[in-house]
Protein chains: 2
Amino acid sequence: MSTSIEPSQLTAHLGYWLRYVSNAVSHAFARKLESRDVTVAEWALMRQLYETDAIAPSALSQQMGVTRGAVTKLVDRLLAKDMVVREDNPNDARAQTLALTPQGRSLVPELSALADQNDAEFFNHLAVDKRNHLEETLKDIVRRRGLTSIPLS
Amino acid sequence: MSTSIEPSQLTAHLGYWLRYVSNAVSHAFARKLESRDVTVAEWALMRQLYETDAIAPSALSQQMGVTRGAVTKLVDRLLAKDMVVREDNPNDARAQTLALTPQGRSLVPELSALADQNDAEFFNHLAVDKRNHLEETLKDIVRRRGLTSIPLS
DNA sequence: TATTGTTATACTCTATAACTATA
DNA sequence: TATAGTTATAGAGTATAACAATA
């Protein structure tokens, strides 16, 4: 089922289209998040914390697929916004745990609604089974990511 | 078909997974491109030029879904690397046309091979029909992008 | 020695908006 | 006035690598 969007076999790469769509979706989402003074990466972190409250930064970095340094920076920002708390681990003076503040926790559903709205703009025209397919396929790739190289430094 | 990756309805967003996977794929690809001294965005531009040689920067920016300013910067870099040429349009002194140099053109298949290799790492475990589905769905979204907001400034 | 988290540094990618030259 | 392209500025997002503290 070739279309005018695919003029050459040489340049038909899934990674390319993935990046193209992801950039557009994330950019539109960033605009929506501006109203709540949250960035996309901050949202991703809060979303993860919402699920696994409380968690060590190192574990979070692995779940998010980014470095510990990146987590440090995001958390610094979210601390300043009173969205998360950082606590020392009494059992290991090197370790910490992160958790959402009540304020942060209550914001997540609002952000989630914006994400739903953003999703709708980009994916609602797809048939339901196509949408589900896309979701399953993406998660399938995530499950496999151990096989490939994501920075964990 | 719920899995441990989806612990909450509240946080099941396609945009989230798209970004997660896209980041991982692009990062791994960036590492591969380093050996040719090309970045991912430069590759995207060269890929587009490969298909529509020669083209105006403004048209290219629309095809790529980025601003004209972004194209200017990428082209500046690719000029320095002798990958593209920038020519004045004799019919309109404001306009230009961009094209790949012979060197740039000959590099594209090499980069394409790296992209294939990268795709393989992330998508080969998927059944063929799932992979095709993913590609079609992504292109489907791109076709619709006129409906949503991509910066064109 | 290994691990946890931080920090310094440096990119890439991209936008916004003002600007210049031309139409 | 409108359009083509440039530029100045800024910020998000992220990595790498060295570091300090602790285990």
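Residues numbered from 1 in each chain as written. Chains lettered and ligands numbered in written order. Predicted model: local features only at pLDDT ≥ 70, side-chain atom pairs only at ≥ 80, totals over all residues. Heavy atoms only, no water.

1. Let's talk about the overall build of chain A
Argument step 1. Broken down by element type, chain A carries 6 helices and 2 strands.
Argument step 2. For chain A, the sequential pattern of α-helices and β-strands runs α-α-α-α-β-β-α-α.
Argument step 3. Counting only residues that meet the buried cut, chain A has 45% of its 153 residues in that class.
Argument step 4. A fraction of 56% describes how many contacts in chain A between residues 6 or more apart in sequence connect residues 24 or more apart.
Argument step 5. For chain A, the accessible area works out to roughly 7500 Å², and carbon and sulfur atoms hold 50% of it. (Helix = DSSP H or I, 4+ residues; strand = E, 2+ residues; numbered from the N terminus. Buried < 20%, exposed > 50% of the residue type's maximum accessible area, 1.4 Å probe, protein only. Contact = heavy atoms within 4.5 Å. Areas by Shrake-Rupley, 256 points an atom, 1.4 Å probe, with all protein chains shown as cover.)

2. What about the relation of the copies chain A and chain B?
Argument step 1. In screw terms, the move from chain A to chain B is a rotation of 180° and a rise of 0.0 Å along the axis, fitting with an RMSD of 0.0 Å. The operation mapping one copy onto its partner corresponds to a two-fold rotation axis. (Least-squares fit on C-alpha atoms with pLDDT ≥ 70 in both.)

3. A word on helix 3 (residues 57-64) of chain A
One turn of an α-helix holds 3.6 residues; hence residues three or four places apart share an orientation.
Argument step 1. Listed as buried for helix 3 of chain A are Leu60, Ser61 and Met64 of chain A. The arc enclosing the buried residues of helix 3 of chain A, seen along the axis, measures out at 100°, which places them on a common side.
Argument step 2. Against helix 2 (40-52), helix 4 (68-80) and strand 2 (96-100) of chain A together with helix 1 (14-34) of chain B lie the buried residues of helix 3 of chain A.
Argument step 3. In the segment just after helix 3 of chain A, Gly65 of chain A is the residue with positive phi, at about 75°. (Arc of directions from axis to C-beta.)

4. A look at the protein's contact with DNA strand D
Argument step 1. Neighbouring DNA strand D are 28 residues, the closest being Thr39, Lys73 and Pro151 of chain A together with Arg68 and Thr72 of chain B.
Argument step 2. The sugar-phosphate share of atoms of DNA strand D within 4 Å of the protein amounts to 66%.
Argument step 3. At 3.1 Å, a side-chain N or O of Arg77 of chain A approaches a phosphate oxygen of DNA strand D.
Argument step 4. Ser58 of chain B places a polar side-chain atom, nitrogen or oxygen, 2.8 Å from a phosphate oxygen of DNA strand D.
Argument step 5. Only helix 2 and helix 4 of chain A together with helix 1, helix 3 (57-64) and helix 4 (68-80) of chain B provide two or more residues apiece to the surface near DNA strand D.
Argument step 6. The class makeup of the residues in the surface near DNA strand D is 9 nonpolar, 9 polar and 10 charged. (Near = heavy atom within 4 Å. Polar contact = N/O pair within 3.5 Å; in protein donor to acceptor, adjacent residues only side chain to side chain. Nonpolar A, V, L, I, M, F, W, Y, C, P; charged D, E, K, R; others polar.)

5. A look at the pattern of salt bridges
Argument step 1. Counting across every chain of the model gives 22 salt bridges over all chains.
Argument step 2. Among the ionic pairs, Arg105 of chain A bridges to Asp53 of chain A, the shortest N-O distance being 3.8 Å. With Arg105 of chain A in helix 5 (residues 102-123) and Asp53 of chain A in the loop between helix 2 and helix 3, this pair connects stretches of sequence that are 52 residues apart.
Argument step 3. A relative accessible area of 39% places Asp53 of chain A in the partly exposed class.
Argument step 4. Two residues, Glu135 of chain B and Lys139 of chain B, come together in a salt bridge whose shortest N-O distance is 2.9 Å. Of the two residues, Glu135 of chain B and Lys139 of chain B both sit in helix 6 (residues 128-143), 4 residues apart, roughly one turn of that helix.
Argument step 5. What makes Lys139 of chain B buried here is its relative accessible area of 1%. (Salt bridge = Lys/Arg side-chain N within 4 Å of Asp/Glu carboxyl O.)

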